[in-house]
Amino acid sequence: MYWLTTKNAVVLIPRWRSLSFLISPHLHRHFSPSAPSPLIRRSERVFCFKERKLYTKPIKKHKQSKISLEEKDYAHVIWWKERIQLCRKPSSVVLVQRLSFSNLLGVDATLRNGSLKEGTLNWEILQFKSKFPREVLLCRVGEFYEAIGVDACILVEYAGLNPFGGLRSDSIPRAGCPVVNLRQTLDDLTRNGFSVCIVEEVQGPAQARTRKSRFISGHAHPGSPYVFGLVGDDHDLDFPDPMPVVGISRSAKGYCMVTVFETMKTYSLEDNLTEEALVTKLRTCRCHHLFLHTSLRNNSSGTCRWGEFGEGGLLWGECSARQFEWFDGNAVNELLYKVKDLYGLEDDITFRNVTVAPESRPSPLHLGTATQIGALPTEGIPCLLKVLLPSNCTGLPVMFVRDLLLNPPAYEIASTIQEACKRMSNITCSIPEFTCVPPAKLVKLLESRETNHIEFYKIKNVLDDILQLNSNSELDEILKLLMDPTWVSTGLKVEQETLVNECKSVSHRIGEIISLDGENDQKPSSYAVIPNEFFEDMESSWKGRVKRIHLEEEYAEVDEAAKALSIAIEEDFIPIISRIRATTAPLGGPKGEILYSREQEAVWFKGKRFTPSVWAGTAGEEQIKQLRPAFDSKGKKVGEEWFTTVKVDNALTRYHEAGSKSRMKVLELLRGLSTELQAKINILVFASMLLVIAKALFGHVSEGRRRKWVFPTLTQSRSSGDKDILRGSEGMTITGLSPYWFDANQGGAVVNNVDMKSLFLLTGPNGGGKSSLLRSICAAALLGICGFMVPAQSATIPHFDSIMLHMKSYDSPADGKSSFQVEMSEIRSIITRATSKSLVLIDEICRGTETAKGTCIAGSIIETLDSIACLGIVSTHLHGIFDLPLRRKNTVFKSMGAEFIENRTMPTWKLMDGICKESLAFETAQREGVPEELIHRAEELYVSVYAKESKLNGFASPKVVSKSEKQICLKEVKNAVVRICLKKLSDYYKKINDDVLEPSAMRFVLIGAKEQPPPSTIGASSVYIILRPDRKLYVGETDDLQGRVRAHRLKEGMQNATFLYFLVPGKSMACQLETLLINQLPNEGFQLTNLADGKHRNFGTSDFVETEMPAR
């Protein structure tokens, strides 16, 4: 029983009743808060738990403190208590001891600086805290951001900050960081899962003896950084991946997952998920908050102990390792309500549903499948993501490919992706660089009106890349194909014509406002008497950001103010400088110069010993008399050597006011442009995501061509009324399948042919390639149904409704499950989800239990899969399974081959018909260094027990043996190349097929700045000429133009170099033509940087000219 002690009564409460009715409010939005309990009605009572007793005791009343903990705040206080208990640093533990949870801040009003009297800073902070009670609050105070109470403890524990005033015990906990360290502090807090509310001061002069006004300037959440003030910065802000709020519930179809992105104002609902698929999604999605629906408390077994009988155990293990909260009611509505409450959003804010209809879409990958093929990085497993894209393709494209693999698309989308990839593989024109901007970043910056000129420039690049795709006939076909995959990724349905028109309009509008590269009409002011650094620092914060046409009046004011400042300095300081220079004196003479004080943003005179001992009316004396000490903005004297005059100070004030006005005008224009583009957010999000997809697919095609992968024939599965009929045309055929982690260019991989029209029961020796074959088939099938290239010579792949791979299982002590229990849990999930359209791959089934019963369980599983008529492979070392009276119609026996070499059985890693009962266990143990005596004894035991059986069974499988100027220059280069190479190419084609090559048949392709060659150049021989920025040429040849262009552009000064190339028949011809061009282009009047390369060739003619010719 619990004993509740009050001032006047003792109440007995049953132990099984929760005390939450005393300490937590009813937060459900459909009901009004309950009336305060009479037991806690008195505001002067506080709560503490000790030995299962609840005490209330009066605390000392203070005149200044009238702040009481409201009933609605109890749940928040308990929430903070739980997090405070996790503090472990000695300094934070000391601070925690000084907390008092009589208010949301945890401030003890009896301690020093703990006053919560109305009008104090602490009281003001408490008002802000009450609006966002579960966020750490940082309040700007001068040059620091400060936190008090609970928030100060969190800063010390997780941000590595020291408490203000040390660890003195008579003061409330206080901590903070300098303004310049705010970003780092926010990163530390959000990385540890905390949200932060930032309160800023209103900048500008304030009346004496009055506190500056403050306002909530923004929030920093995990996955959503603080952007206030970014509009005025001259640098980019790295945006982390957005972190959603996730809600999980149980439905009639399985598990349901609701994902809400506050930044994007979107939500999606995924139903009919298996436990394994749901855990996979949780592993790949770092969520800001996790909510579990009360429907999860009772699983199908009828128990309230979640996971007691297997189902739900994996999910519970994943969720129990995280912080989560329970919720009930309608899953979508309640979660959206909680999101608005968490982020402080207004009730009228709407969220867009981006759920993609699941019809005809394959099931998401199970956790085991995703980890065993490296779709999720796993130690010891070859990573599939690393071989799908070039090493330089990172970030958003990788995330798109990963999400596509984990959530395979519908057949129509997969076919569209494959068709787009095929066209990408065959185009001959240059392609854009594909500017990738995170959609969440676009939305947050535009909605907060904090988009700076750098981000607008990136947005314009995104739009221009879309327009470039549309302007080229080859690329326009690809653009058309990418519309539907982008719709699936964003939930936005946009017509191509609308997209192009909107991109033109927005790009034009940005170009009207933003100052772009190449515009040099906004150089800083410059005067001989004023250090250039002064004008660069003062004017770099607004010049070069928007076009000058919008700032003519402000430019005029700044120019006039700068000129007036120059005149003032020239009149007041230059005579003194001239006087000092004219003075000839030994060491210790007068010194003086005009210097820029960066800290004070001023130009002053700095000198010493320049005052004359006798005033004689000479030049400069009058100006010396006008000098006065320089003071900073707080009225403090800067130093003994800094001087100014009234005229110079007035000129400085005028210049700063003009500069401030110009800067405010620039910010006004940038924020105004953000406001305009808020109406175009959907178009910008769609365009940004389309470029991410385009870059990912182009990168995949480039890497696939390099690895010599192929596009499979993707067939749509058709349901058959008679499952006894073999799938025939719906089977999967893969010729020349190689492990995805092998590079075909490097050789060494054993390829296999797979003709699967039913279930395979696979046997083979240890190290014979069974697991590798299953991984390879799984990866190829997954890549095929996603529309990607596959590691094979040819392939026909059905569009499976699910692909499930089960390999080794480990025990789970946290759930109290053995490895066999975990395996059976995964097998249960596979069996219940498998259909005739599924691909099921199980490696070494039932390895974790007693052989006889494990064999029978394995046989029953095979019968079940056989009756389902799915495609797949079950591999096993349980050879007794062949002695069982299995009921099978669609299962065939396959084995991994072996051969005898020098009286030893060696695996061939080839798939073949039949049964292999040789495990090569002794040989494997020997290779791994097991002591010889142990292996010999094992062989003796084996012969004594299994020799007869071994002779009877043996092997059942046969043995298998193992701009204008540039255009003119470009035209001249083309003509010269044609003149030099035409005869050589004509002779070649005439020799091959008696054809004469015409000059027009030599097809040149230009790769401009910020463009790259198409994937069709990979593996094809080409000759290229670089038009360098210094007007010299470089000639080369390659079979990998993409890599060569990338390598050249990494060199200094070559980032914007232009390339001209043409394809030629073979490497030998490319080398000959390269030599010809190197040796003969100088004769055409061109200057080359690699003339010496022509001396070391064995092909072509050498008409080398030692003297370099001038470039045209």
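Computed from a predicted structure; not experimentally measured.

## Some thoughts on the packing of aromatic side chains
Each pair of aromatic rings is reported with the distance of its centres and the angle of its planes. One pass over the full model with this rule turns up 26 aromatic pairs. Judged by centre distance (5.3 Å) and plane angle (65°), the ring pair of Phe 534 and Phe 535 falls under edge-to-face. Each of the two residues, Phe 534 as well as Phe 535, counts as buried. Site record: aromatic cluster; members linked through ring pairs are Tyr 527, Phe 534, Phe 535, Tyr 596 and Tyr 655. The ring of Tyr 255 has Arg 250 lying over it, and the distance from NZ or CZ to the ring centre is 4.6 Å. One Lys or Arg, Lys 625, reaches over the ring of Trp 615 and ends 5.1 Å from the middle of that ring.

## A closer look at the sheet that holds strand S6 (residues 144-148)
Pairing is mixed across the open sheet formed by five strands, whose spatial order is S7-S6-S5-S8-S9. The open sheet has two edge strands with one neighbour each: strand S7 (174-178) and strand S9 (214-220). Between one strand and the next, the sheet's axes are offset by a mean angle of 30°, whatever the strand orientation. Sheet analysis places S6 next to S7, joined by five bridges and oriented antiparallel.

## A word on helix H13 (residues 411-426)
Over its 16 residues, H13 extends 23 Å from the first C-alpha to the last, a length consistent with the 22 Å expected when each residue adds 1.5 Å. Taken together, the buried positions of H13 are Tyr 411, Ile 413, Ala 414, Thr 416, Ile 417, Gln 418, Ala 420, Cys 421, Met 424 and Ser 425. In this structure, the buried side of H13 is in contact with helix H12 (396-406), helix H16 (473-490), helix H23 (681-706), strand S21 (713-715) and helix H24 (770-785).

## Structural notes on the confidence of the model for the protein chain
Overall, the prediction assigns the protein chain a mean pLDDT of 82, with 83% of residues at 70 or greater. Overall, residues 1095-1112 carries pLDDT values under 50, and its contacts beyond four positions in sequence, including any with other chains, amount to 34 contacts.

## A few points about empty space enclosed by the protein
Space inside the largest cavity adds up to approximately 60 Å³. What lines the largest cavity is simply His 221, Pro 222, Gly 223, Ser 224, Pro 242, Met 243, Phe 261, Glu 262, Thr 263, His 288 and Tyr 343. In terms of residue class, the lining of the largest cavity is built from five nonpolar, five polar and one charged.

## Some remarks on the pattern of salt bridges
According to the stated counting rule, one finds 47 salt bridges in the structure shown. Here Glu 512 ties to Arg 509 by a salt bridge, and the two come within 2.9 Å at their closest N and O atoms. Taken together, the residues span about one helical turn, with Glu 512 and Arg 509 both in helix H17 (residues 496-513) at a distance of three residues. Judged by relative accessible area, Glu 512 falls into the partly exposed class, the value being 32%. Exposure remark for Arg 509: the relative accessible area of 27% places this residue in the partly exposed category. A cluster of three or more residues bridged by salt bridges with shared partners is formed by Asp 236, Lys 441, Glu 455 and Lys 458.

## Looking at the environment of Ser 224
Examined against the element boundaries, Ser 224 turns out to sit in the loop between S9 and strand S10 (245-251). Taking the C-alpha atoms as reference, Ser 224 lies 6.1 Å from Pro 242; in sequence the two are 18 residues apart. Beyond its immediate chain neighbours, meaning those up to four positions away, Ser 224 contacts His 219, Pro 240, Thr 263 and Lys 444. Of note is the side chain of Ser 224, whose polar atom sits 2.5 Å from the side chain of Lys 444.

Thresholds applied
Residues numbered from 1 in each chain as written. Predicted model: local features only at pLDDT ≥ 70, side-chain atom pairs only at ≥ 80, totals over all residues. Heavy atoms only, no water. Phe/Tyr/Trp six-rings, centres within 6.5 Å; stacked < 30°, edge-to-face > 60°. Buried < 20%, exposed > 50% of the residue type's maximum accessible area, 1.4 Å probe, protein only. Lys NZ or Arg CZ within 6 Å of the ring centre and 35° of its normal. Pairing = 2+ DSSP bridges. Helix = DSSP H or I, 4+ residues; strand = E, 2+ residues; numbered from the N terminus. Axes fitted to C-alpha atoms, helices over the stretch in contact; angles between N-to-C directions. Expected span 1.5 Å × (residues − 1). Contact = heavy atoms within 4.5 Å. pLDDT = per-residue confidence, 0-100. 1 Å grid on protein atoms, 1.4 Å probe; cavity = no way out; pocket = protein on both sides within 12 Å on 5 of 7 lines; lining within 4 Å. Points joined across faces, edges and corners; volume = space filled by probe spheres on them. Nonpolar A, V, L, I, M, F, W, Y, C, P; charged D, E, K, R; others polar. Salt bridge = Lys/Arg side-chain N within 4 Å of Asp/Glu carboxyl O. Polar contact = N/O pair within 3.5 Å; in protein donor to acceptor, adjacent residues only side chain to side chain.

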